[in-house]
Amino acid sequence: MTSTQNRMKHPHEEIVLKSDDLAQELYNNKLYRESIEQNNITLGLLRFRHPIILKNISCGHFALYETEEAAKVFQEYMDITKSDESGDIRTFAQYLTRAGRYDEAYRSEEHTSE
């Protein structure tokens, strides 16, 4: 998971950061379902789809072997950020592969070699 510290400006920044810290602590303690729920609370506090929090939610789903949901949320992260970083593309390909979506994973991985 990635921390949103130093990247987030919001009127209720202190509450948002505490919520994000709690989500990260839950994830680190392998309480993935609770981490996902806390990340969703953080999104609610923000009132927008923050890409780092979406990425963190997808990590929780992946850890729970909820592969379709992990791929769906990670796709939203990729769409928002327009990421073309090889690490993100490989992560997305890994999620698609675990979900059994091999053709999509292969096409995704092709972008890292360009």
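Above: the structure in question.
This report concerns the structure included in the present document. (Residues numbered from 1 in each chain as written. Predicted model: local features only at pLDDT ≥ 70, side-chain atom pairs only at ≥ 80, totals over all residues. Heavy atoms only, no water.)

### Here we look at the overall build of the chain
Here is step 1: The helix and strand tally for the chain stands at 6 helices and 0 strands.
Here is step 2: A burial count over the chain gives 43% of its 114 residues as buried.
Here is step 3: For the chain, contacts bridging at least 24 residues in sequence account for 45% of all contacts bridging at least 6.
Here is step 4: Accessible surface for the chain amounts to roughly 6,800 Å². Of this, 48% is attributable to carbon and sulfur atoms. (Helix = DSSP H or I, 4+ residues; strand = E, 2+ residues; numbered from the N terminus. Buried < 20%, exposed > 50% of the residue type's maximum accessible area, 1.4 Å probe, protein only. Contact = heavy atoms within 4.5 Å. Areas by Shrake-Rupley, 256 points an atom, 1.4 Å probe, with all protein chains shown as cover.)

### What to know about helix H5 (residues 86–98)
Owing to its 3.6 residues per turn, the α-helix aligns residues three or four sequence positions apart on the same side.
Here is step 1: Between its first and last C-alpha atoms H5 spans 18 Å; for 13 residues at 1.5 Å apiece the expected length is 18 Å, and the two agree.
Here is step 2: All buried positions along H5 are accounted for by Asp88, Ile89, Phe92, Ala93, Tyr95 and Leu96. On an axial view of H5, the arc spanned by its buried residues comes to 160 degrees, and they lie on one face.
Here is step 3: Once H5 ends, the next one or two residues include Gly100, with phi positive near 80 degrees. (Expected span 1.5 Å × (residues − 1). Arc of directions from axis to C-beta.)

### Considering the packing of helix H1 (residues 13–28) against helix H2 (residues 32–46)
To characterise two packed helices, one gives the angle between the axes of the helices and the distance between these axes.
Here is step 1: Interaxial distance between H1 and H2 falls to 8 Å at its minimum, and their mutual angle equals 165 degrees. When the axes of H1 and H2 are compared, the pair comes out roughly antiparallel. Considering how the two elements wind past one another, H1 and H2 form a crossing that is left-handed. Taken together, the residues of H2 that come into contact with H1 (itself represented by Ile15, Val16, Ser19, Asp20, Leu22, Ala23, Leu26 and Tyr27) are Tyr32, Glu34, Ser35, Gln38, Asn39, Ile41, Thr42, Leu45 and Leu46.
Here is step 2: Considered class by class, the residues forming the contact of H1 with H2 number 10 nonpolar, 5 polar and 2 charged. (Axes fitted to C-alpha atoms, helices over the stretch in contact; angles between N-to-C directions. Parallel < 35°, antiparallel > 145°, perpendicular 65-115°, else oblique. Left-handed = near helix turned anticlockwise from the far one by under 90°. Nonpolar A, V, L, I, M, F, W, Y, C, P; charged D, E, K, R; others polar.)

### Description of the side chain of His61
Here is step 1: Assignment of secondary structure puts His61 in helix H3 (residues 51–63).
Here is step 2: Engagement of the side chain of His61 in a polar contact is seen with the side chain of Glu66, the distance being 2.5 Å.
Here is step 3: Residues contacting His61, with those up to four places away along its chain left out, are Arg33, Ile36, Glu66, Glu69, Ala70 and Val73. (Polar contact = N/O pair within 3.5 Å; in protein donor to acceptor, adjacent residues only side chain to side chain.)

### Re the environment of Asn40
Here is step 1: Along the polypeptide, Asn40 turns up in helix H2.
Here is step 2: Linking Asn40 and Asp20, residues 20 residues apart in sequence, is a C-alpha distance of 9.7 Å.

### What to know about the pattern of salt bridges
Here is step 1: Taken as a whole and assessed by the stated rule, the structure comprises 7 salt bridges.
Here is step 2: Residues Glu66 and Arg33 are paired through a salt bridge, measuring 2.3 Å at the closest nitrogen-oxygen approach. In this pair, Glu66 is assigned in the loop between H3 and helix H4 (67–81) and Arg33 in helix H2, connecting sequence segments 33 residues apart.
Here is step 3: Owing to a relative accessible area of 24%, Glu66 belongs among the partly exposed residues under this scheme.
Here is step 4: Across the pair Arg49 and Glu76 runs a salt bridge whose closest N-O atoms are separated by 2.9 Å. With a gap of 27 residues between them, Arg49 in the loop between H2 and H3 and Glu76 in helix H4 connect regions that are remote in the sequence.
Here is step 5: Residue classification places Arg49 among the partly exposed residues on the basis of a relative accessible area of 40%.
Here is step 6: Because the salt bridges share partners, they merge into one network encompassing Glu68, Arg101 and Glu104. (Salt bridge = Lys/Arg side-chain N within 4 Å of Asp/Glu carboxyl O.)

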